[in-house]
Amino acid sequence: MRIKTELRSESALTRARRGDGPTLVECETYQFRGHSLADPDELQDPAEKAHYAERDPVVALKTYLIENNLVKESNLKSIEKKIDDLVKEAVEFADTSPLPERGQLLENVFADPKGFGICPDGRDRGGSVSYQNIHEAQFALQLYEHLQRVTKLVGIKVSVGIITPYKLQLKCLHRYSDVVLKSDEGKGLYINTVVAFLCQEHDVIIMSCVRASNHGVGFVADVRRMNVALTRACRELWVMGNTSALQQSSD
């Protein structure tokens, strides 16, 4: 049995050896589950997922091997059990191991720690100040409520994420959205900081920049944080910020 990836790679290799240049091999994949336990996985159509599940290459290979008498099903089950045992052993080891020292936070992390508020020895970087913007928090909730009304009229559901770089603004957003979050209307609303949204995506993202002074825009100037914040939206991205502060900032 030769799979398409092998055949395309072999063809590309032959072409390269002839001196005809490189080849781009596009290998399409499909994600069956969310990125992490924090990802509710509400964006994919169940029918679409079922369609691709039937084409799962792992399941297809297993069926091929058994039907062509290349392996016994009992042997495959034995392999699966060994894998399950290894995973359980790893989880048990992690659960029973002591927490690592803070100084180990940056081991094997190939990134500048300055943007994350961590010193090289793992201590919190001093002098950090959090901010809140009540008007942005109120307006973000108004935007969400307006979006809910519109989507109800057209008969669709959307998931909405409100992102902010500041923990104090996060508390402010939760304070003004408390009633909504506890109701059925708030089931599609997720509010958190930029870092917490790292492994999440939503139909609509509302970004609260917070800062409105001429003393810089703070975390908004961090390219990495903004890359995360501005790429979480699947359909619409709305950015709330003080135009003057964002335009005039030297950052």
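Structure's up top.
Quantities reported herein were computed from a predicted structural model and do not represent experimental measurements.

As for the environment of Ile-66
Piece 1. For Ile-66, the location among the structural elements is in helix 3 (residues 57-67).
Piece 2. In this structure, the C-alpha to C-alpha distance between Ile-66 and Leu-76, residues ten residues apart in sequence, is 9.2 Å.
Piece 3. Those residues within four positions of Ile-66 in sequence are excluded, and the remaining contacts are Val-71, Glu-73 and Leu-76.

Thoughts on the nonpolar core
Piece 1. Counting 18 residues, the largest nonpolar core has Ala-140, Val-160, Ile-162, Leu-173, Leu-189, Ile-191 and Ile-206 as the members making the most contacts within it.
Piece 2. Every element with two or more residues in this core is listed here: helix 5 (134-154), strand 1 (160-164), helix 6 (167-181), strand 2 (189-193) and strand 3 (202-208).
Piece 3. In terms of residues, this core owes the most to one element, helix 5, which gives six residues.
Piece 4. For Leu-189, the residues in contact, after removing those within four places along its chain, are Tyr-144, Val-160, Ile-162, Val-180 and Leu-181.
Piece 5. In this structure, Val-194, Ile-205, Cys-209 and Val-228 belong to the second largest nonpolar core, which totals nine residues.

Some thoughts on the packing of helix 5 against helix 6
Piece 1. It is at 9 Å that the axes of helix 5 and helix 6 come closest, and there the two elements cross at 40°. Between helix 5 and helix 6, the angle is such that the two are oblique. Seen along the crossing, helix 5 lies across helix 6 with a hand that is right-handed. Along the contact surface, helix 5 presents Ile-134, Glu-136, Ala-137, Gln-138, Ala-140, Leu-141, Tyr-144 and Glu-145, while helix 6 presents Gln-169, Cys-172, Leu-173, Tyr-176, Ser-177 and Val-180.
Piece 2. In the contact of helix 5 with helix 6, the residues fall into nine nonpolar, three polar and two charged.

Description of the environment of Cys-234
Piece 1. In this structure, Cys-234 sits in strand 4 (residues 233-240).
Piece 2. Of the residues examined, Cys-234 reaches a relative accessible area of 40% and is grouped as partly exposed.
Piece 3. Excluding residues that lie within four positions of it along the chain, Cys-234 makes contacts with Leu-43, Glu-201, His-202 and Asp-203.

Conventions and cut-offs
- Residues numbered from 1 in each chain as written.
- Predicted model: local features only at pLDDT ≥ 70, side-chain atom pairs only at ≥ 80, totals over all residues.
- Heavy atoms only, no water.
- Helix = DSSP H or I, 4+ residues; strand = E, 2+ residues; numbered from the N terminus.
- Contact = heavy atoms within 4.5 Å.
- Core = buried A, V, L, I, M, F, W, Y, C linked by side-chain atoms within 4.5 Å.
- Buried < 20%, exposed > 50% of the residue type's maximum accessible area, 1.4 Å probe, protein only.
- Axes fitted to C-alpha atoms, helices over the stretch in contact; angles between N-to-C directions.
- Parallel < 35°, antiparallel > 145°, perpendicular 65-115°, else oblique.
- Left-handed = near helix turned anticlockwise from the far one by under 90°.
- Nonpolar A, V, L, I, M, F, W, Y, C, P; charged D, E, K, R; others polar.

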